[in-house]
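Here is what each chain is made of, one letter per residue.
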Amino acid sequence: MNQITKEPSAFSIYPIPAFDDNYIWCIHNSTHAIVVDPGDAKPVIDFLQQNTLQLQAVLITHHHFDHVGGITELLGKYPNIHVYGPNNPRIKGLTHYVKEHDKISFNSPEISLSVLETPGHTLDHISYFNEALVFCGDTLFSGGCGRMFEGTPDIFYPSLKKLGQLPEHTKVYCTHEYTQANLAFASHVDPNNKTLKEYANWVTNKRANKETTLPSTISKENEINPFLRCHIPYMQNAMQIAGAQSNNELAIATFASLRKLKDEF
Ligand SMILES: [Zn+2]
């Protein structure tokens, strides 16, 4: 049983586990809930029923099956919910298309979120953020980033940069528990990063106890995530990126090398 402690007014965010390593983030108060990227309806319905919560809305970041697979069944069970996502005909069941700068507000749980377009993993990928948190799907992971399935480095890197420029205290809610594997790669390309070493130890303990390592924070990611550090000369040197290019071009080339190296790691 994924039983939660109910708070009267403020909302909490609970990671509903799905598939092997997905989290379906559930924003809820004592009566209502919003879920992000329900790839599977069953764990969501079980969680809502166990905790007597009414589903209000669904937020979708991109079209991959493990993020959208539960929409139809959830709409069948909760026909009045709003389903937000990017305008991509491959996503069935959306009721509201959203794009960069759109703002979505809910009364229960009380939360407002803005949309950030973050293509690269897929071209339709969006993130949802406010002053305290970001739901970034498969764009940014703790210690890593999503695979570049549809984008190119000059599309993906600016998306990561946008996320890295959110306020430092912003909590990072990504979709997969990939942190430990990501940190093995991060430690390989950034072996002298003391903060990374400390974080890797913390993550190893968390995973040994089968606890989630998320949410992370933007400040943590800016310190330890190699994909957010492509603008720093030592990372460019590590990837052997040099030449008479602009800073932005150097960073994009560094990102491209890192992404390729990670694919083969
Ligand atoms: Zn994906």
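These remarks concern the structure in this document.

The rules we used
- Residues numbered from 1 in each chain as written.
- Predicted model: local features only at pLDDT ≥ 70, side-chain atom pairs only at ≥ 80, totals over all residues.
- Heavy atoms only, no water.
- Helix = DSSP H or I, 4+ residues; strand = E, 2+ residues; numbered from the N terminus.
- Buried < 20%, exposed > 50% of the residue type's maximum accessible area, 1.4 Å probe, protein only.
- Polar contact = N/O pair within 3.5 Å; in protein donor to acceptor, adjacent residues only side chain to side chain.
- Contact = heavy atoms within 4.5 Å.
- Pairing = 2+ DSSP bridges.
- Axes fitted to C-alpha atoms, helices over the stretch in contact; angles between N-to-C directions.
- 1 Å grid on protein atoms, 1.4 Å probe; cavity = no way out; pocket = protein on both sides within 12 Å on 5 of 7 lines; lining within 4 Å.
- Points joined across faces, edges and corners; volume = space filled by probe spheres on them.
- Nonpolar A, V, L, I, M, F, W, Y, C, P; charged D, E, K, R; others polar.
- Disulfide = S-S within 2.5 Å.
- Donors = N, O, S within 2.8 Å, 3.2 Å for Na, K, Ca; no water.
- Tetrahedral: all angles 85-135°; square planar, octahedral: opposite > 155°, others 65-115°.
- Expected span 1.5 Å × (residues − 1).
- Arc of directions from axis to C-beta.
- Salt bridge = Lys/Arg side-chain N within 4 Å of Asp/Glu carboxyl O.

**Observations regarding the side chain of Asn130**
With respect to the helices and strands, the residue Asn130 is situated in the loop between strand S9 (126–129) and strand S10 (133–137). On the basis of relative accessible area, Asn130 is assigned to the buried category, the value being 11%. Within the structure, Asn130 has its side chain in polar contact with the backbone nitrogen of Ala132 (distance 2.8 Å). Other than its neighbours up to four places away in sequence, Asn130 contacts Ile111, Ser112 and Leu113.

**Brief notes about the sheet that holds strand S1 (residues 12–18)**
An order of S1-S2-S3-S4-S5-S6 is seen for the six strands of this open sheet, with the pairing classed as mixed. On the outer flanks of this sheet lie S1 and strand S6 (96–97), each paired with one strand and no other. The strands touched by helix H1 (residues 41–50) within the sheet are S1, strand S2 (22–28), strand S3 (32–36) and strand S4 (54–59), with S1 carrying the most contacts at an inclination of about 135°.

**Concerning the environment of Asn247**
If you trace the backbone, Asn247 turns up in helix H9 (residues 247–264). Judged by relative accessible area, which is 64%, Asn247 ranks as exposed. Each C-alpha atom of the pair Asn247 and Cys230 lies 9.8 Å from the other, and the pair is 17 residues apart in sequence.

**Comments concerning the layout of surface pockets**
Considered as a void within the structure, the largest pocket measures approximately 230 Å³ in volume. Surrounding the largest pocket, 17 residues form its lining, Phe141, Cys145, Gly146, Arg147 and Tyr178 being those nearest its centre. Contributing elements (two or more residues each) for the lining of the largest pocket: strand S12 (144–145), helix H5 (179–189) and H9. A volume near 190 Å³ is recorded for the second largest pocket. Looking at the lining of the second largest pocket, the elements that each hand over two or more residues are helix H4 (153–164) and H9. Element by element, the count of residues in the lining of the second largest pocket is highest for H4, at four residues. For the lining of the second largest pocket, the per-class residue count stands at six nonpolar, six polar and two charged.

**Side note on the pairing of S9**
Taken together, the four bridges between strand S8 (residues 110–117) and S9 define a ladder with antiparallel strand orientation. Note on S9: the bridge partner recorded for Val115 is Tyr128. Summarising the sheet, S9 and S10 pair through two bridges and their orientation is antiparallel. Residue pairing in the sheet places Phe129 in a bridge with Val134 of S10. Connecting the antiparallel pair S9 and S10 is a turn made up of three residues.

**Side note on the state of the cysteines**
Evaluated as defined, the whole model comprises zero disulfides. For the unlinked cysteine Cys26, the closest cysteine sulfur is that of Cys174, found at 17 Å. The thiol sulfur of Cys230 is not disulfide-bonded, and the nearest other cysteine sulfur, from Cys145, lies at 8.3 Å.

**Examining the coordination of the zinc ion**
At 2.1 to 2.3 Å from the zinc ion lie its protein donor atoms, namely His62 (NE2), His64 (ND1), His121 (NE2) and Asp138 (OD). Its four donor atoms give the zinc ion angles of 91 to 164° at the centre, a pattern that matches the irregular case.

**Things to note about H4**
In an α-helix, one full turn covers 3.6 residues, which means residues spaced three or four apart are oriented alike. Between its first and last C-alpha, H4 extends 16 Å over 12 residues, near the 16 Å set by a 1.5 Å rise per residue. Buried residues of H4: Phe156, Tyr157, Ser159, Leu160, Leu163 and Gly164, and no others. Down the axis of H4, the buried side of the element spans an arc of 160°, and every buried residue falls inside it.

**Here's the deal with the pattern of salt bridges**
Here the structure, examined in full by the defined rule, presents 10 salt bridges. Its salt-bridge partner being Asp102, residue Lys99 comes within 3.7 Å of it at the nearest N-O pair. Relative accessible area serves as the criterion here: at 23%, Asp102 is assigned to the partly exposed category. Two residues, Lys162 and Glu100, come together in a salt bridge whose shortest N-O distance is 3.1 Å. Note that Lys162 is positioned in helix H4 and Glu100 in the loop between S6 and strand S7 (103–107), a separation of 62 residues in sequence. By relative accessible area, Lys162 is classed as partly exposed at 28%. Within this structure, Arg147, Arg259 and Asp263 form a network of salt bridges that share partners.

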